[in-house]
Each structure stands twice: as structure tokens, then as C-alpha cells.
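# Notes for the structure review
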Amino acid sequence: MDLFDYARKNTMKKESPLAARMRPITLEEVVGQKHIIGEDKLLYRAIKADKLSSIIFYGPPGTGKTTLAKVIAHTTSAEFRQINATVAGKKDMEEIIGHAKDTLGMYSKKTILFIDEIHRFNKGQQDYLLPFVEDGTIILIGATTENPYFEVNGALLSRSIIFELKSLEKEDILQIIRKAVYDMEKGMGAYGAIIDDEAAEFLADVSNGDARNALNAIEIGILTTDRDEDGKIHITIDVAQQCIQKRVVRYDKDGDNHYDTVSAFIKSMRGSDVDAAIYYLARMLYVGEEVTFIARRIIICAAEDVGLADPNALVVANAAAEAVHKIGMPEARIILAEAVAYVASAPKSNSAICAIDMALEAVNTSKTMPVPAHLQDAHYKGAAKLGHGLDYKYAHDYKNHYVKQQYLPEGMEDTTFYYPGEIGYEQRITKQLDKIKKEAEE
């Protein structure tokens, strides 16, 4: 390293963005992702022991993929090289592979190659790496925001361990925010700034699990806000709102606003007001409500309020929940909007709820009578000799696949729990049941 390189690195260390300066160097400094770097986890042990195999980090932006690679760089005794797949070409890889071969041959020292945004490499570029990963010339660390099972060569995947990083929790973001404001070494503590709890909570919410968003807002806020009479820079809720360019919507995820909005969302779908349901969906998405939480509410409404008036509502809602889990924001908003519109506009019935609640009440308050003998299982040892299953009528042997016989226990023969509604698919249910029962009596 010459004098100019040394000066450039020192300048970048001081002048680089806050998000870069705050990047952890050791595992102990990393916030969140305990499901993969907790002290008892494989990745933690591998990094500490400097015994890494090829790995791929997969997760949303700002969750620590590059951070973990940098931690490995500071921890490992291996040579560490980094490239970005958006700008690197085959020539860059050839130079790295050549150097890795020399390092391994002359010093018995391995090379770790970190490829950021590895999904941007085409098939040919990924194929080029394969033999060198396979023979141990390099240890590959790939980082991607895309599902690696779709975007990364299957042969590379089979030789790598995939670690999925999750969006950071609100408490994780709050911890990072406070360190950024008050830390004298890496953060902006020298500026003498103070952040209000309300502002910190707001930034933690709207950053949507991305630490980089919160740190960028903190840096802008401190650098552009005048000092108050007390000589301090105060990061208030208004300053935070301006820095992240997002309007404050009162929505405490643990308070009344949260429950009121969710309640209005459910009641709007139940009340078949599509516009209101979409509006409350938008409010929840705007403040960073978990898409999986919203999807669960839609599933509940489809089962509880639409029911058998439209059995497809539950299918649509469940499919939406599966899809948003795979896709994430911002595209998840489209999937959720479609499910909300379907459930809200569907015919409504709560007859299934009434049926199960009445049946549960009957079970709870009445004596448990034995299952009628002809319905009992006749297959286990000695059961047939006891009369179990005797005189059972197999429904498929009769017209309309229906035959009248006693199914409920003794004393409950005439009990009705399910009363189909009069709209939607339940009209067909009523007609079907009436038809087969009437023809069986004729």
C-alpha cells in the first residue's frame, strides 16, 4: 500500500456514510440474526473456528448480508477478496482465481471470495466458478436478495450452505439507531445529538427491518438540523419524518391505533365495503405492518365471515398468505389487495361458526353418549364379534350416494347444528341436501 492508498483509506473511513462506518467488525457487534449467529449455531461456530465452507446469504436489503461477510473478512486467516456481480466480469474472476491458486500453492492459504448480488451473474459466470469451489481453490460466499433456488446455479447450491437472513426486528433497529446517535467512535456521538423516543420508534417502524434506511435518516437529520438553545441537536418526530420523507401516521403496533385499524379492516371486509378494506390495508402497509400478520387476518375473515357462502374465499386467502411469504414487499401489496377485494366482495355467511359453536356447547354440557354401533370400527381385533359396524349402510351403494341412517348418538337423532345460509354457494348446499333426502324417502 503506497502513501496515497493509505491517505485514501483514512479519508474514506472518516467520510464514508454512517451505515458503512457503523458496520460491525466482530460477531459480538452484530445486531439481530440470532437464528443463524447465536452462540450455539453452526455459522457462529464456523466463523469462530475459521472453518468455513461455501455459503450463500439470502435475505432482504439491509439485513446484514454484507456485514456478515465483512465480519468473516476480519475474523478469518484466509485471503479475502470481494467483488460485486453487477460490475465484475470474467476477467476479474480469472485474476482472483489465479491469485487464489498461487496463494494456496505457495502459502497453503485458502481464499474466500465474497460475491455481492451473486444472482446478477449469468449461468456462464456461475459455471466458471464451479470447479474452483469444488476443488477448494476458493471458498465462496454469495449474497443475494433473490431466492437462490431460482437464481443460483443448482450445482453451486449443492456445494453451499444457504443461510436465510430475516428483516431486523424493531428492537434491533432501535438498538442500532441509539448506537448511531450516541457512539463516539463509529457513530455521531461527537455531534452532541439527542433523539426523542418517539422519533426513534418512528424510524424503527418505517425502516421496515432495513437498518440502512434508519442510519441514513439519522445521518441526514444530525447533519442538517440546527442546534437548539441548549447547544444540542434534537432529532424530533418532525425531523425524523422529514429525513425519511415519510409522513407520520399514528399507528403504535402495540397500542390502540393498531387494534383500531385492524378492527376496522376486518369489519370493512365483513361488511362488504371493498374500498374501506383496501384503505385500511394501505394504512397498515404504509406504517410497515408485517404482511404475514395482515394475511392471517384475511384468512380468518374468509373462514369466519365468508364461510361456505363462497368456499373459494378461504382458498384465495390462504394462497395469498403463501405468496406474500415468498415474495415480500413491495409486490406483496398487490397480492394482499387482490385477496382483500375478493373476500370483501364475496357473499357472507357465519353458519359454519354457529354450527361448530353449537356442537361444542352440546359436547360441553351433555353426557357423552357412545357412537352408534353400526358406525363403530369393525376392523380392529374382535370388534366385529362385538357387533361393531354391523348393519352399516355404505352410502355409495345408494341413489345420490345417500342413505338415511342414524349418525348422531342416541338421544340426539333430531339435533341440527348446521343451518346453511340463503346466499352464495350455501343455496346449492341447501338444495342438494333437500334433494337427496327427499328422494331417499320416496
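Check the entry above for the structure.
The sections below set out a description of the structure shown in this document. (Residues numbered from 1 in each chain as written. Predicted model: local features only at pLDDT ≥ 70, side-chain atom pairs only at ≥ 80, totals over all residues. Heavy atoms only, no water.)

### Notes on the overall build of the protein
Helix and strand counts for the protein stand at 20 helices and 7 strands. For 442 residues, the compact-globule estimate of 2.2 N^0.38 gives 22 Å, and the protein exceeds it by more than 25% at 31 Å. Across its three principal directions, the C-alpha atoms of the protein cover 105 × 65 × 40 Å. Going through the 442 residues of the protein one by one, you find that 42% of them count as buried. (Helix = DSSP H or I, 4+ residues; strand = E, 2+ residues; numbered from the N terminus. Rg over C-alpha atoms; globule rule 2.2 N^0.38 Å. Buried < 20%, exposed > 50% of the residue type's maximum accessible area, 1.4 Å probe, protein only.)

### Side note on the pairing of strand S1 (residues 55–58)
Neither face of S1 is open: one carries Ile 55 and Phe 57, the other Ile 56 and Tyr 58, and all of them are buried. Bridging between S1 and strand S4 (residues 138–144) involves 4 bridges; their strand directions are parallel. Paired with Ile 56 across the strands is Gly 142, a residue of S4. In this sheet, strand S5 (residues 161–164) lies alongside S1 in parallel orientation, the contact comprising 4 bridges. From the neighbouring strand, Tyr 58 faces S5, where its bridge partner is Glu 164. (Pairing = 2+ DSSP bridges.)

### Some points on helix H6 (residues 90–107)
Under the 1.5 Å per step criterion, the end-to-end length of H6 is 25 Å for 18 residues, consistent within 8% with the ideal 26 Å. All of the buried residues in H6 are Met 93, Ile 96, Ile 97, Ala 100 and Thr 103. Summarising the axial view, the buried residues of H6 lie within an arc of 125°, below the 170-degree limit, and thus occupy one face. Of the exposed residues in H6, those oriented more than 90 degrees away from the buried face are Lys 91, Gly 105 and Met 106. As for H6, its buried residues are in contact with strand S2 (79–84), strand S3 (111–116), helix H7 (123–134) and S4. Looking one or two places after H6, you find Ser 108, whose phi comes out positive at around 50°. (Expected span 1.5 Å × (residues − 1). Arc of directions from axis to C-beta. Contact = heavy atoms within 4.5 Å.)

### Notes on a negative patch on the surface
Among the surface-exposed residues, Asp 226, Asp 228, Glu 229 and Asp 230 lie close enough to one another that they form a single negatively charged patch. Inspection of the secondary structure assignment puts Asp 226 in the loop between helix H12 (211–224) and strand S7 (233–235). On the basis of relative accessible area, Asp 226 is assigned to the exposed category, the value being 65%. (Patch = residues over 30% accessible without salt bridge, like charges linked within 9 Å, V, L, I, M, F, W, Y side chains within 5 Å. Areas by Shrake-Rupley, 256 points an atom, 1.4 Å probe, with all protein chains shown as cover. Salt bridge = Lys/Arg side-chain N within 4 Å of Asp/Glu carboxyl O. Lys, Arg positive; Asp, Glu negative; His and termini not counted. Charge placed at Lys NZ, Arg CZ, Asp CG, Glu CD.)

### Considerations on the pattern of salt bridges
Under the counting rule described, the total for this entry stands at 13 salt bridges. For Glu 29, the salt bridge goes to Lys 186, with nearest N and O atoms at 2.8 Å. Remark: Lys 186 occurs in the loop between helix H10 (170–182) and strand S6 (193–195) and Glu 29 occurs in the loop between helix H2 (18–21) and helix H3 (34–37); sequence separation between them is 157 residues. Accessibility expressed as a relative area gives 26% for Glu 29, which makes it partly exposed. For Asp 205, the salt bridge identified is with Lys 170, shortest N-O distance 3.7 Å.

### Quick word on the sheet that holds S3
Paired through backbone hydrogen bonds, the strands of a sheet run either parallel or antiparallel to each other. Taken in spatial order, the 5 strands make up an open sheet running S2-S3-S4-S1-S5, and their pairing is parallel. The open sheet terminates on both sides in strands that have one partner only, identified here as S2 and S5. Going across the sheet, the axis of each strand differs from the next one's by a mean of 15°, ignoring polarity. Sheet analysis places S2 next to S3, joined by 6 bridges and oriented parallel. When the bridges of S3 are listed, Ile 83 appears paired with Ile 115. Of the strands in this sheet, S1, S2, S3 and S4 touch helix H5 (residues 65–75), which is tilted by about 145° from S1. (Axes fitted to C-alpha atoms, helices over the stretch in contact; angles between N-to-C directions.)

### Remarks on the packing of helix H17 (residues 312–327) against helix H18 (residues 332–345)
Viewed as axis vectors pointing N to C, H17 and H18 meet at an angle of 170°, and their least axial separation amounts to 9 Å. With respect to each other, H17 and H18 are oriented roughly antiparallel. Side by side, H17 and H18 meet where Asn 312, Ala 313, Val 316, Ala 320, Ala 323, Val 324 and Ile 327 of the first sit next to Ala 332, Ile 335, Leu 336, Ala 339, Tyr 342 and Val 343 of the second. Of the residues belonging to the contact of H17 with H18, the class tally is 12 nonpolar, 1 polar and no charged. (Parallel < 35°, antiparallel > 145°, perpendicular 65-115°, else oblique. Nonpolar A, V, L, I, M, F, W, Y, C, P; charged D, E, K, R; others polar.)

### Quick notes on the side chain of His 119
Inspection of the secondary structure puts His 119 in the loop between S3 and H7. In this structure the side chain of His 119 is engaged in a polar contact, spanning 2.8 Å, whose partner is the side chain of Thr 144. Each residue touching His 119, except ones within four places of it in the same chain, is listed here: Thr 144, Thr 145, Glu 146 and Glu 151. (Polar contact = N/O pair within 3.5 Å; in protein donor to acceptor, adjacent residues only side chain to side chain.)

### Concerning the packing of H10 against H12
Here H10 crosses H12 at 30°, and the two axes come no closer than 10 Å. The orientation of H10 relative to H12 falls into the category roughly parallel. Crossing handedness for the pair H10 and H12: right-handed. Residue-level contacts link Ile 173, Ile 176, Ile 177, Ala 180 and Val 181 of H10 to Ala 211, Ala 214, Leu 215 and Ile 218 of H12. Counted by class, the contact of H10 with H12 contains 9 nonpolar, no polar and no charged residues. (Left-handed = near helix turned anticlockwise from the far one by under 90°.)

### Thoughts on the environment of Asp 310
Here Asp 310 lies in the loop between helix H16 (291–306) and H17. Overall, the relative accessible area of 14% leaves Asp 310 in the buried class. Spatially, the C-alpha atoms of Asp 310 and Asn 350 are 11 Å apart, while their sequence positions differ by 40 residues.

### Details of H7
Three or four residues apart is the spacing at which side chains of an α-helix point the same way, because the helix has 3.6 residues per turn. Over its 12 residues, H7 runs 17 Å from end to end, which matches the ideal 16 Å to within 8%, given 1.5 Å per residue. Of the positions making up H7, those classed as buried are Gln 125, Gln 126, Tyr 128, Leu 129, Leu 130, Phe 132 and Val 133. Buried residues belonging to H7 abut H6, S3, S4, helix H8 (148–151) and helix H9 (154–158).

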